[in-house]
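# Inside the fold
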Amino acid sequence: GDNDGVCAERLYYSFKPHKSWRLIMLDSYDISLEGRDEKSPEYIQARQMIDANNPNIRKGTNWFDGIPPERQRFVPFNGA
């Protein structure tokens, strides 16, 4: 429809503010530690990805120490 709103199955939000415009916002936090129940599949998958790519998170040390730039995105405040 013109105002799809939240659509969890498609991982985006969509609405039509004008007859010739449709705005689409992607949900980059689908797989994430933020805003998820710790027992949800999305949280569990995010935890596994972060643990595999950034051991500093579980150690409680500086998240970025010794982590190469290409893996510095694996932190709790980011979507996996």
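Our subject is the structure that appears above.
Residues numbered from 1 in each chain as written. Predicted model: local features only at pLDDT ≥ 70, side-chain atom pairs only at ≥ 80, totals over all residues. Heavy atoms only, no water.

## Observations concerning the overall build of the chain
For clarity, the cut-off: The numbering of helices and of strands both runs from the N terminus, where a helix is a DSSP run of H or I of at least 4 residues and a strand a run of E of at least 2. The Shrake-Rupley method, run with a 1.4 Å probe sphere, supplies the accessible areas, and residue values consider only the shown protein chains as cover.
The secondary structure content of the chain amounts to 2 helices and 3 strands. The order of α-helices and β-strands along the chain, N terminus first, is β-β-β-α-α. With an accessible surface of roughly 5,700 Å², the chain has 53% of that area assigned to carbon and sulfur atoms.

## Re the pattern of salt bridges
Keep this limit in mind: One speaks of a salt bridge when a side-chain nitrogen belonging to Lys or Arg is within 4 Å of a carboxyl oxygen belonging to Asp or Glu. Whether a residue is buried, partly exposed or exposed follows from its accessible area with a 1.4 Å probe, protein chains only, as a fraction of its type maximum: under 20%, in between, or over 50%, in that order.
Across all of its chains, the model carries 3 salt bridges by this definition. Between D30 and R36 there is a salt bridge; the shortest N-O distance is 3.1 Å. Of the residues examined, D30 reaches a relative accessible area of 17% and is grouped as buried. On the basis of relative accessibility, which here comes to 28%, the residue R36 falls in the partly exposed class. With a closest N to O distance of 3.1 Å, R58 and D51 form a salt bridge. Note on R58: relative accessible area 59%, which makes it exposed.

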